[in-house]
Amino acid sequence: MKPKKESTLELIVRKKTSYLMMLPYLIFFFAFTILPVILSVVLSFTDYDMVQKPLFIGFENYLQMFLNDEYFIVAFKNTLIFAIVVGPLSYIICFLIAWMINELKPLMRAVVTALFYIPTIVGAAGWSVWKLFFSSDEYGFVNGILMHWGILNQPIGWLSDEKYIMPVLIVVQLWMSMGISFLTFIAGFQNVDRTLYEAGMMDGIKNRFQELWYITIPSMANQMIFGAVMQIVACFTVADVSVQLAGLPSTGYAGETIVTHIMDYGNLRYEFGYACAMAVLLVFMMQYFKKLTSWLIGKMGH
Amino acid sequence: MSLSLKRKKHMGIDQRRSKFGNAIVVLIIVLLGLFMAFPLYYTFIQSIKPSEELFLFPPKLYILRPTLDSYQELFQLMSNLWVPFSRYLFNSLLITVAGTFFHVLLAGMAAYPLAKHEFPGKDFTFAVILLGLMFVGQVTFLPTFIIISKLGMLNTYWAYLCPTIGTSLGLFLMKQFIEQIPDALIEAARIDGANEWRIYFKIIAPNVKPAILTVIIFQFVNIWNGLSKEVVYDEQLKAVKIALDQVSASSLYARMGAGMAGSVLLMLPPIILFVILQRNVVETMTFAGMKE
């Protein structure tokens with residue numbers, strides 16, 4: 001006897017335990033991760049201040065960003081600097097360091113891993129020391145040392161002078177962004193099949209760079225994509241560093257990023273519609289960069 | 001004979017690593033290591049300098065007379081706060097422990113069917129969860145604020161707790177890890193008559209311990225460092241970090257030593273947790289690969 005083909009509905013009923021197990025998490029996931037994004041998209045087409053009813057205004061918010069808000073252009077440019085300069089730099093440094101320490105003894109490897117990861121987890125507590133390094137009088141570490149060596153005559157306002165805000169933020173962001181992608185690479189390198197290296201030697205691989213390019217990178221591509229996603233999220237959402245070190249708003253908006261601009265319009269000016277439009281744009285930018293990076297990683301070593 | 005042959009083979013691999021190359025590698029690691037370690041070191045020495053050494057010119061990298069004065073001053077400042085410091089500490093610990101616990105419990109329970117069951121809508125669900133990796137708090141905080149206020153959760157512990165339970169990263173890591181558990185183990189339990197819930201709690205959960213410990217670290221660090229002040233404005237409900245921010249922000253110079261002491265205290269819990277659990281983290285990240 002031929003068994004009757006099961007309909008999708010029957011299949012869903014039979015698999016109800018699977019759905020029930022996911023349900024509690026999915027409720028929270030939907031309400032606090034997905035719904036906010038849906039709400040952002042909807043509100044981005046409105047004028048909304050949380051008091052009066054949202055007023056539909058079409059694409060006006062999106063046009064305002066690029067046509068009528070000079071500080072958004074600064075924020076956009078700064079965010080791209082973090083994404084295009086700091087992100088890849090941090091990613092490549094993480095990758096190379098993880099590669100270099102892979103051959104160290106386990107204890108040394110653990111020490112170096114901790115050293116590179118700890119700045120990421122102390123984040124908030126670390127800001128006060130950077131404030132002290134770059135403070136504007138001669139008690140600030142950087143000013144103190146440069147003046148002592150005779151390089152500077154006058155202390156520099158590292159965090160209040162438009163010229164220096166971004167470079168300082170880049171250094172600090174670099175310091176605290178090694179975290180998760182570094183751990184991922186450490187794990188990735190340890191997991192590469194050793195016999196591939198032996199086989200590679202037979203095939204005429206001459207030095208460690210060829211080994212890295214033709215064997216290691218292709219075999220840990222999936223880890224590299226995960227590391228890239230984490231790095232992209234970190235770079236595109238840089239905000240706390242800027243707010244904590246340079247203030248909100250920073251002098252002449254020099255340290256403004258898209259997220260600090262969202263804070264400015266959302267928390268201080270109550271222009272929720274406009275702020276949401278910026279958030280939506282940011283999500284699209286991150287998605288695009290993720291696609292681009294995965295494509296690049298897929299190309300490597302082939 | 002065979003021994004020397006073996007050694008020769010081993011040498012073959014080593015020969016590709018030249019002495020010069022090794023020296024450069026060591027130099028780079030040391031330089032970058034100094035860059036990573038220096039701010040941490042400086043925070044620590046500033047916190048144990050006596051006040052006359054804090055303001056020496058030029059700034060010194062060593063201490064002549066270490067003291068715990070700054071810590072004493074910090075606790076004095078704390079005891080003068082309107083809300084006792086122990087209350088902030090209690091809030092932080094409660095939210096961190098509860099948030100981490102519920103996230104691990106619920107996300108782990110959802111990760112099991114996503115990793116091991118076949119059902120309609122599975123791929124779609126997981127794709128949306130992956131997308132959620134990018135919907136972080138910095139991007140969604142405004143609509144989240146609206147949702148929390150509409151649910152009447154503003155100014156309660158729930159305002160901190162609920163958003164942390166529904167994040168993606170922990171679920172992703174646990175799902176990837178569960179996929180490595182052999183199907184035979186699960187089948188055997190099914191034959192013995194265990195239902196799926198029992199399988200999850202008796203077989204899956206104990207076997208994904210490294211992943212769970214890793215998620216605990218990530219969650220702990222996020223919650224410990226990042227509870228936003230917007231959703232909770234009652235001083236009684238605020239977290240340690242916000243209290244310390246207020247102390248160190250109020251006047252950086254007069255209280256510099258105390259501020260640094262506060263930083264050291266705030267840094268310690270995540271560092272200790274990471275050092276203890278490091279091996280589990282590396283093991284978990286092995287499976288964190290993401291296909292395109």
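Residues numbered from 1 in each chain as written. Chains lettered and ligands numbered in written order. Predicted model: local features only at pLDDT ≥ 70, side-chain atom pairs only at ≥ 80, totals over all residues.

1. Observations regarding the overall build of chain B
Counting its secondary structure elements, chain B contains 14 helices and 0 strands. Secondary structure of chain B in N-to-C order comes out as α-α-α-α-α-α-α-α-α-α-α-α-α-α. The buried share among the 292 residues of chain B stands at 40%. Of all intrachain contacts in chain B linking residues separated by at least 6 positions in sequence, the fraction that spans at least 24 positions is 77%. (Helix = DSSP H or I, 4+ residues; strand = E, 2+ residues; numbered from the N terminus. Buried ≥ 20, exposed ≤ 12 C-beta atoms within 10 Å, placed from the backbone. Contact = placed C-beta atoms within 7 Å.)

2. What about the overall build of chain A?
When its secondary structure is counted, chain A shows 14 helices and 2 strands. Since a compact globule built from 302 residues should have a radius of gyration of about 19 Å, the 24 Å found for chain A marks it as more spread out than a globular shape. Reported as C-alpha extents along the three principal axes, the dimensions of chain A are approximately 90 × 65 × 35 Å. Looking at chain A residue by residue over its 302 residues, the buried ones come to 45%. Pairs at least 24 apart in sequence give 68% of the contacts found in chain A among residues at least 6 apart. (Rg over C-alpha atoms; globule rule 2.2 N^0.38 Å.)

3. Some words on the nonpolar core
In summary, soluble globular proteins display a tendency toward joint burial of nonpolar side chains. Core analysis: the largest hydrophobic core is formed by 161 residues, its most contacted members being Val-233 of chain A together with Ala-110 and Met-174 of chain B. Per-element tally for this core: the top contributor is helix α5 (residues 106–133) of chain A, with 14 residues. When sequence neighbours within four positions are dropped, the list of residues in contact with Val-233 of chain A reads Met-286 of chain A together with Leu-133, Met-134 and Val-136 of chain B. (Core = buried A, V, L, I, M, F, W, Y, C linked by C-beta atoms within 7 Å.)

4. Some words on the interface of chain B and chain A
Taken together, the 77 residues of chain B in the interface contact 86 residues of chain A. Here the side of chain B that touches chain A gets 14 residues from one element, more than from any other, and that element is helix α14 (residues 256–285) of chain B. Of the residues assigned to the side of chain B that touches chain A, the class counts are 52 nonpolar, 18 polar and 7 charged. (Nonpolar A, V, L, I, M, F, W, Y, C, P; charged D, E, K, R; others polar.)

5. Some points on the domain arrangement of chain B
All names here are of chain B. Taken domain by domain, chain B consists of domain 1 (17–67) and domain 2 (77–285). Here domain 1 and domain 2 have C-alpha centroids that lie 32 Å from each other. Every element with two or more residues in the side of domain 1 that touches domain 2 is listed here: α2 (19–47) and α3 (51–54). Among the elements that take part in the side of domain 1 that touches domain 2, α2 stands out by supplying 4 residues, more than any other. Considering only residue class, the side of domain 1 that touches domain 2 consists of 2 nonpolar, 4 polar and 1 charged. (Domains from an automatic or database assignment.)

6. Thoughts on the packing of helix α4 (residues 70–101) of chain A against α2 of chain B
At a minimum axis separation of 10 Å, α4 of chain A and α2 of chain B run at an interaxial angle of 125°. One way to sum up the angle between α4 of chain A and α2 of chain B is to call them oblique. Taken as a pair, α4 of chain A and α2 of chain B cross one another with a handedness that is left-handed. Along the contact surface, α4 of chain A presents Ile-93, Ile-97, Met-100 and Ile-101 of chain A, while α2 of chain B presents Val-25, Ile-28, Ile-29 and Leu-32 of chain B. The residue inventory of the contact of α4 of chain A with α2 of chain B, partitioned by class, reads 8 nonpolar, no polar and no charged. (Axes fitted to C-alpha atoms, helices over the stretch in contact; angles between N-to-C directions. Parallel < 35°, antiparallel > 145°, perpendicular 65-115°, else oblique. Left-handed = near helix turned anticlockwise from the far one by under 90°.)

7. Some thoughts on unusual backbone geometry
Backbone phi values are negative for most residues with the exception of glycine, while trans is the configuration of most peptide bonds. Residues and elements named next belong to chain A. A cis amide bond links Leu-248 to the next residue, Pro-249, at an omega of -5°. Look at Met-50: it is not a glycine, yet its phi comes out positive at around 75°. Looking at the element boundaries, Met-50 is found in the loop between β1 (46–47) and β2 (55–56). By the C-beta count within 10 Å, which is 12 here, Met-50 ends up exposed. Despite not being glycine, Tyr-270 has its phi angle at roughly 55°, a positive value. Tracing the backbone through its elements, the reader meets Tyr-270 in the loop between α13 (258–268) and α14 (272–299).

8. As for the packing of α4 of chain A against helix α7 (residues 162–176) of chain A
Residues and elements named next belong to chain A. Viewed as axis vectors pointing N to C, α4 and α7 meet at an angle of 40°, and their least axial separation amounts to 11 Å. In terms of their interaxial angle, α4 and α7 are classed as oblique. Two packed elements cross with a definite hand, and for α4 against α7 that hand is right-handed. Along its contact with α4, which presents Asn-78, Ile-81, Phe-82, Val-86, Leu-89 and Ser-90, the element α7 presents Met-166, Ile-170, Gln-173 and Leu-174. The residue makeup of the contact of α4 with α7, split by class, is 7 nonpolar, 3 polar and no charged.

9. Let's talk about the environment of His-117 of chain B
Residue position: His-117 of chain B is located in the loop between α5 (85–116) and α6 (122–131). Setting aside anything within four residues of it in sequence, one finds His-117 of chain B in contact with Lys-15 and Ser-18 of chain A.

10. Details of the environment of Lys-116 of chain B
Residue and element names in this part refer to chain B. Among the secondary structure elements, Lys-116 is positioned in helix α5. Taking the C-alpha atoms as reference points, Lys-116 and Ile-181, separated by 65 residues in sequence, lie 9.1 Å from one another. Apart from residues lying up to four places away in sequence, Lys-116 is in contact with Ile-178 and Ile-186.

11. Brief notes about the confidence of the model for chain B
All names here are of chain B. Per-residue confidence for chain B averages 83 on the pLDDT scale, and 89% of its residues sit at or above 70. Within chain B, α6 carries the highest mean pLDDT (94), whereas helix α1 (residues 2–15) carries the lowest (43). A low-confidence stretch, residues 1–15 (pLDDT under 50), is modelled with 1 contact involving residues beyond four sequence positions or located in other chains. Reported confidence for the predicted complex is 0.87 by ipTM and 0.88 by pTM. (pLDDT = per-residue confidence, 0-100.)

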